[in-house]
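Analysis of the macromolecular model
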Amino acid sequence: MTTRGEPGDDQRDPGLSVIMSERRRLINLAYRLLGSLADAEDVVQETYARWYAMSAREQQAIESPGAWLMTVAGRICLNLLGSARARRETYVGDWIPEPLPAPTEWITGRSGGDGTDPADRVTLDESVTMAFLVVLDSMTPAERVAFVLHDIFRYPFGEVAEIVGRTPAACRQLASSARRRIRTAQTPAAPSTEQAAIVRRFKTAWEAKDIDALISLLDPDATATADGGGLAVTHLQPIVGGEQIARAYAEIARVSGDRTTFLECTVNGLPGLVAQQDGTIATVFAFEIAGDRIRHIWAVRNPEKLRPWRIS
């Protein structure tokens, strides 16, 4: 296996601290490939299990433990992406990637604890915005793995080929195809401060059930997609059209009444909203904003995808 040097890889007999220092990078890779923090955690656990299943001599024979761990995690993710497509066929409603809070709003792991472990955080940048992850999810498993490894993690195509199981030339074509998908879907994004102002105005109009104000903030061809996973009540089909979304969301505000509080927050690195009901976060809203209009709303209500969230 071809490997590249990683920090700390000059130790022939890497200790626990050296191996575990790769955890954050593994989490970042797996989340971008799978769009699920829970699945990413499982991948990292399985990757480490395979490392410690080897003998000390086998471990010492590996020139770059960090690269070995990334390779194994990439292969596990590739297999999971193939099976995920079959699971999605039975998923209730639309599947949306798992939203991530800002570091200050993070709950480590799935235990519901209050501690924050920096090693478990996903780096929030443009490659984990909800819009970007949705485009990644439209790719074939091989396209997604080749693109993420090469374009985001800067792996040469020779090493990507070992993970994907194709030739370097084929992996180059896969990444190129993925880039075309992204360019087609991308829209000019407003600065984060402007996006925050638009989300704030949307929140105010929503709380006031002001349909006209909501319409003025929504692109006429906007889409609102919700993910309840069969575990929370929500619309099963995307709502298409700014006016239709405005009326539907005004009705949501009317039905929820005083039980719901809308809070501004950071979702996957961009301005978003959470809906708090009875002391818990019931929904996380991510937005795609082009110019001064909201183009897409993603509402995640599946409670299994809201475990990393807590009330600030």
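Below, the structure is looked at part by part. (Residues numbered from 1 in each chain as written. Predicted model: local features only at pLDDT ≥ 70, side-chain atom pairs only at ≥ 80, totals over all residues. Heavy atoms only, no water.)

To continue, consider the pattern of salt bridges. Scanning the model with the defined rule gives 14 salt bridges in all. A salt bridge links aspartate 137 to arginine 88, with the shortest nitrogen-to-oxygen separation between them at 3.1 Å. Linking aspartate 137 in helix α6 (residues 130–137) with arginine 88 in helix α5 (residues 65–88), this pair joins segments that are 49 residues apart in sequence. Residue aspartate 137 is classed as partly exposed on the basis of its relative accessible area, which comes to 22%. Looking at arginine 88, the relative accessible area reads 26%, which means it is partly exposed. Close ionic contact of glutamate 243 with arginine 247 constitutes a salt bridge, the shortest N to O distance being 3.2 Å. Of this pair, glutamate 243 and arginine 247 both sit in helix α12 (residues 242–256), 4 residues apart, roughly one helical turn. Glutamate 243 gets classed as partly exposed once you look at its relative accessible area, which sits at 40%. If you follow the salt bridges from partner to partner, you end up with Arg88, Asp137 and Arg144 in one network. (Salt bridge = Lys/Arg side-chain N within 4 Å of Asp/Glu carboxyl O. Helix = DSSP H or I, 4+ residues; strand = E, 2+ residues; numbered from the N terminus. Buried < 20%, exposed > 50% of the residue type's maximum accessible area, 1.4 Å probe, protein only.)

With that out of the way, let us pick up the packing of helix α7 (residues 141–152) against helix α8 (residues 157–164). Closest axis-to-axis distance for the α7/α8 pair is 10 Å, and the angle between their directions is 145 degrees. The chirality of how α7 crosses α8 is right-handed. Here α7 contributes Ala142, Val145, Ala146, Leu149 and His150 to the contact with α8, which in turn contributes Phe157, Val160, Ile163 and Val164. For the contact of α7 with α8, a count of residues per class yields 8 nonpolar, 1 polar and no charged. (Axes fitted to C-alpha atoms, helices over the stretch in contact; angles between N-to-C directions. Left-handed = near helix turned anticlockwise from the far one by under 90°. Contact = heavy atoms within 4.5 Å. Nonpolar A, V, L, I, M, F, W, Y, C, P; charged D, E, K, R; others polar.)

This paragraph deals with the sheet that holds strand β6 (residues 293–300). Across the sheet, 6 strands lie side by side as β2-β1-β6-β5-β4-β3; this open sheet has mixed pairing. A strand with exactly one partner marks an edge of an open sheet, and here the two such strands are β2 (239–240) and β3 (260–267). Both strand β4 (residues 270–277) and strand β5 (residues 280–290) contribute to a ladder of 5 bridges, which runs antiparallel. Directly across from valine 274, in β5, lies its bridge partner valine 284. (Pairing = 2+ DSSP bridges.)

What follows is about the environment of serine 177. Mapped onto the secondary structure, serine 177 falls in helix α9 (residues 168–185). Look at serine 177 and you get buried, because its relative accessible area is 17%. Separated by 33 residues in sequence, serine 177 and arginine 144 place their C-alpha atoms 9.8 Å apart.

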